[in-house]
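One-letter residues, chain by chain:
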Amino acid sequence: MSAHWRLLALLAGLAAACALPFFLSDYRAFQLTLVMVYAIALLGLNILTGFNGQFSLGHGAFYAIGAYAAAILMAHYEVPYWATLPAAAAVCLAAGFLFGLPALRLEGLFLALATLSLAVAMPSILKYRGIAELTGGVQGLVLTKPDAPFGLPLNQDRWLYFFTLAVTVLMFVLAWNLLRGRVGRAIVAIRDQPIAARAMGINAALYKSLTFGVSAMYAGVAGALGAIAIQFVAPDSFQVGLSFVFLIGAVIGGVYSISGAVFGAFFVLFVPHISEGISRAAPQAIFGAFLIVFMFVMPVGIAGFLRLAAAWARRRTHRSSHVTGEAP
Amino acid sequence: MEALLLQVLSGLATGGIYASLALAVVMIYKATHVVNFAQGEMAMFSTYLAWQLIQWGLPYWGAFFLTIALSFVGGVLIERVIIRPFEAHDAVLAVVTVFIGLFLILNSLAGWTWEYTLKSFPSPFPAEAYLGGYLSGHQLGLFFVVLATLAVVYAFFRFTPLGLAMRAAAENPDSSRLVGIRVSWMLALGWGFAAALGAIAGIMVAPLVFLEPNMMGFVLIYAFAGALLGGIDNPWGAVIGGFAMGVLENIMGVYVVGTELKLTVALVIIVGVLVVRPSGIFGSAVVTRV
């Protein structure tokens, strides 16, 4: 697929995404909003794990920080909802950078451990009585859903869908821009050849903690959007399971790609809906089984698989045209 | 002062549980250089097995030892079937992902089979308090069970040929292969032992916290903190670290941060140890040749 076709396909997808909510119920539109929210968080995890080779089992914690930053600003300081996103992004960028600084000294496994403990401790930190006035304690905070501005003829769910779509497109374009240039090459070089990267003059320490910060920022923006969409934050929505869900989505969507985040988000949001009828435990069991099976047969995830399939198809057509060209 | 003593003693009792789980974590870490994130869920599953056996009418100690045997077999099977294919390549992402998958499967299987309701778990020890009312019978009993277990583990690795072979396989796999040790099987046995240790920890902690699929979550975090504090590659350090975490948890919880933030203590210790002294108190520093 040449660059032209890819751009065309992307534009067609975008047009479809714009048209979709008018053919769907409000509830479906809300679900798709959540898919986009998760896609942003998964993209953050992909940048960190897939491109930079660092590991996080604690992105649910940064998602929670972003959600709470937005919720506190909206509930206590009456900041408009759209203005909470940059604030949540800044808070999480700083939190991720600060957490990434000491984490620099940790190789993969221990970073996973440290972030896991952060995710486990997060709900109890949010419940802490000393900050309950701000966070609403165990009850959490309730938010109001934004109306469409400028008198646009959209109901709240649809307006939120378009707002989230715009943010998602922005975040994906930013990530694509970040990863295709000099910085992106440095990020990948640190993953593949840390010593050679250092010898080439890449400041590995700075890049690694910055990548951690950027990745946390994505999770934070997603958290803020999620809080606005669900209109509610409470400590128990941010248990360690959320971090696992992010890992599952990233791995199954394809951790080494940007588009994988979208596939992963669809997977983690819709598979539980389908399987919940079997048993309360079924979604989790299916997630676990998928994780292990994917690691066995398809460690590159859905996006990586599609890429391989496309390359294979291209080789085939190429070869057959080559053969016909040579025929007398 | 008496209150402090009470906190220290009961901290030592729960610390025993963290110590056994930490030892299980270290056992697998020493052999394969991975941290088993599913260790707690394996222990939880073993505890449910024990509960089921007791429900079926087995005497307590019969169920106890049968569960340990079953867990050992289960641990070996998990290593052979799920973990072994990833032994060869050194990809952290793959290994951690598989552990998380295992975690989710065990957790949901337990919920599926035994429901998510809280179950009380029997204790074989008398209910009255000992040591002038400082410790419940169960706390005292579990302390001795843990000590006995540690003694058995020590004796096994110190005095038996198999224990020596396992240590050799963990220490220097290539040379061990040359002298005829089946290193891969030694790793599987290590998983079996770790699962059995976890089973003991689970059975001992269950009467204190109630049996439910998520009961080992915080125990595992404390065990990790203990293992890191003592040194992740030093079994004795891990045991001491586990006990220390039990005491620290109680003292910090009562006197410093309050019970709500107890888990944060584990977080601070994990991050603190990893940053300040990644090898822990008794561990050896890792030297990598570039």
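Computed from a prediction, not measured in an experiment: that's the story for all the values here. Per chain, residues are indexed from 1 in the order of the written sequence. The lettering of chains begins at A and the numbering of ligands begins at 1, in the order of writing. Reporting of local features is limited, given that this is a predicted model, to residues whose pLDDT is at least 70; pairs of side-chain atoms are given and counted only at 80 or more, and all residues count toward the totals for whole chains, interfaces and linings.

Before going further, it helps to examine the overall build of chain B. Assigned secondary structure in chain B consists of eleven helices and two strands. Traced from its N-terminal end to its C-terminal end, chain B shows the element sequence α-α-α-α-β-β-α-α-α-α-α-α-α. In this setup the radius of gyration rests on C-alpha atoms only. A globule is expected at 2.2 Å times the number of residues raised to 0.38. At 19 Å, chain B has a C-alpha radius of gyration in line with the 19 Å of a compact globule built from 290 residues. Taken along the three principal axes of its C-alpha coordinates, chain B extends 55 × 45 × 35 Å. A helix here means a DSSP run of H or I that spans at least four residues, while a strand means a run of E at least two residues long, and both kinds are numbered starting from the N terminus.

This brings us to the overall build of chain A. If you tally the helices and strands in chain A, you get 14 helices and two strands. What you see for chain A is a C-alpha radius of gyration of 21 Å, in line with the 20 Å of a compact globule of 328 residues. The burial criterion counts other C-beta atoms lying within 10 Å of a residue's C-beta, which is placed from the backbone; the residue is buried at 20 or more, exposed at 12 or fewer, and partly exposed between these limits. Taken across its 328 residues, chain A has 47% of its residues classed as buried. A residue pair is marked as a contact if its C-beta atoms, positioned from the backbone, fall within 7 Å. Within chain A, contacts between residues at least 6 apart in sequence are counted, and of these 78% link residues at least 24 apart.

Moving on to helix α11 (residues 240–253) of chain A. Residues and elements named next belong to chain A. Look at α11: 20 Å from first C-alpha to last across 14 residues, which is about the 20 Å you get at 1.5 Å a residue. The element α11 is extensively covered by neighbouring structure, given that 13 of its 14 residues are classed as buried. After α11 finishes, the residue Gly-254 shows a positive phi value of roughly 120°. To estimate the expected span of a helix, subtract one from its residue number and multiply by 1.5 Å.

On to the interface of chain A and chain B, then. Across the boundary between the two partners, chain A contributes 37 residues, which contact 35 residues of chain B. Secondary-structure elements contributing two or more residues to the side of chain A that touches chain B are α5 (108–127), α11 and α13 (282–297) of chain A. The residue classification treats Ala, Val, Leu, Ile, Met, Phe, Trp, Tyr, Cys and Pro as nonpolar and Asp, Glu, Lys and Arg as charged. All others, Gly included, are polar. Split by residue class, the side of chain A that touches chain B holds 26 nonpolar, seven polar and four charged.

To continue, consider the environment of Val-92 of chain B. By the element assignment, Val-92 of chain B lies in helix α4 (residues 92–114). Setting aside residues up to four positions removed in sequence, Val-92 of chain B forms contacts with Phe-55, Gly-108 and Leu-109 of chain A.

Right, let's get into the packing of helix α3 (residues 59–77) of chain A against α5 of chain A. Residue and element names in this part refer to chain A. Axes here refer to lines fitted to C-alpha atoms; in helices the fit is confined to the stretch in contact. Angles between the N-to-C directions go from 0 to 180 degrees. Taken N-terminus to C-terminus, the directions of α3 and α5 make an angle of 30°; their axes are 8 Å apart at the nearest point. By the angle class used here, α3 and α5 are roughly parallel. Residues Gly-60, Ala-61, Ala-64 and Tyr-68 of α3 form the contact with α5, whose participating residues are Leu-118, Ala-119, Met-122 and Leu-126. In terms of residue class, the contact of α3 with α5 is made up of seven nonpolar, one polar and no charged. The cut-offs work like this: below 35 degrees is roughly parallel, past 145 is roughly antiparallel, 65 to 115 is roughly perpendicular, and the gaps in between are oblique.

Before going further, it helps to spend a moment on the confidence of the model for chain B. For chain B, per-residue confidence averages 85 on the pLDDT scale, and 96% of positions sit at 70 or higher. The complex model carries a pTM of 0.87, and its ipTM stands at 0.83. On a range of 0 to 100, pLDDT expresses the predictor's confidence in each residue.

Turning to the packing of α13 of chain A against α4 of chain B, a few remarks are in order. The contact between α13 of chain A and α4 of chain B brings their axes to 7 Å, and the two run at 150°. The orientation of α13 of chain A with respect to α4 of chain B, classified from their angle, is roughly antiparallel. Once α13 of chain A is placed against α4 of chain B, the crossing between them reads as left-handed. When α13 of chain A is examined against α4 of chain B, the residues Gln-284, Ala-285, Phe-287, Gly-288, Ala-289, Leu-291, Ile-292 and Met-295 of chain A are found in contact with a partner set consisting of Ala-94, Thr-97, Val-98, Ile-100, Gly-101, Leu-102, Leu-104, Ile-105, Asn-107, Ser-108, Leu-109 and Trp-112 of chain B. Of the residues in the contact of α13 of chain A with α4 of chain B, the class split is 14 nonpolar, six polar and no charged. For any pair of crossing helices, the crossing counts as left-handed if the nearer helix is rotated counterclockwise from the farther one by less than a right angle, and right-handed if it is rotated clockwise.

Residue and element names in this part refer to chain B. Taking 1.5 Å per residue, 24 residues should reach 34 Å; helix α3 (residues 60–83) reaches 32 Å between its end C-alpha atoms and fits that length. Of all the residues in α3, the buried ones are Ala-63, Thr-67, Ile-68, Ser-71, Phe-72, Gly-74, Gly-75, Ile-78, Glu-79 and Ile-83. Where α3 is buried, its residues touch α2 (39–55), α4 and α8 (183–209).

Residue and element names in this part refer to chain A. If you trace the backbone, Ala-148 turns up in the loop between β1 (141–142) and α7 (156–180). In this structure, the C-alpha to C-alpha distance between Ala-148 and Arg-158, residues ten residues apart in sequence, is 8.6 Å. With near-sequence residues (within four places) excluded, Ala-148 lies in contact with Leu-154 and Trp-159.

Next up on the list: the environment of Leu-66 of chain B. Of note, Leu-66 of chain B is situated in helix α3. In this structure the C-alpha to C-alpha distance between Leu-66 of chain B and Ala-50 of chain B, which are 16 residues apart in sequence, comes to 8.0 Å.

Even without being a glycine, Gln-231 of chain A presents a positive backbone phi close to 65°. Inspection of the secondary structure assignment puts Gln-231 of chain A in the loop between α10 (204–230) and β2 (232–233). Positioned with a positive phi, Phe-210 of chain B is a non-glycine residue whose angle comes to about 75°. Take Phe-210 of chain B: it is sitting in the loop between α8 and α9 (217–230). Taking the number of C-beta atoms within 10 Å as the measure of exposure, Phe-210 of chain B has 13 and is therefore partly exposed.

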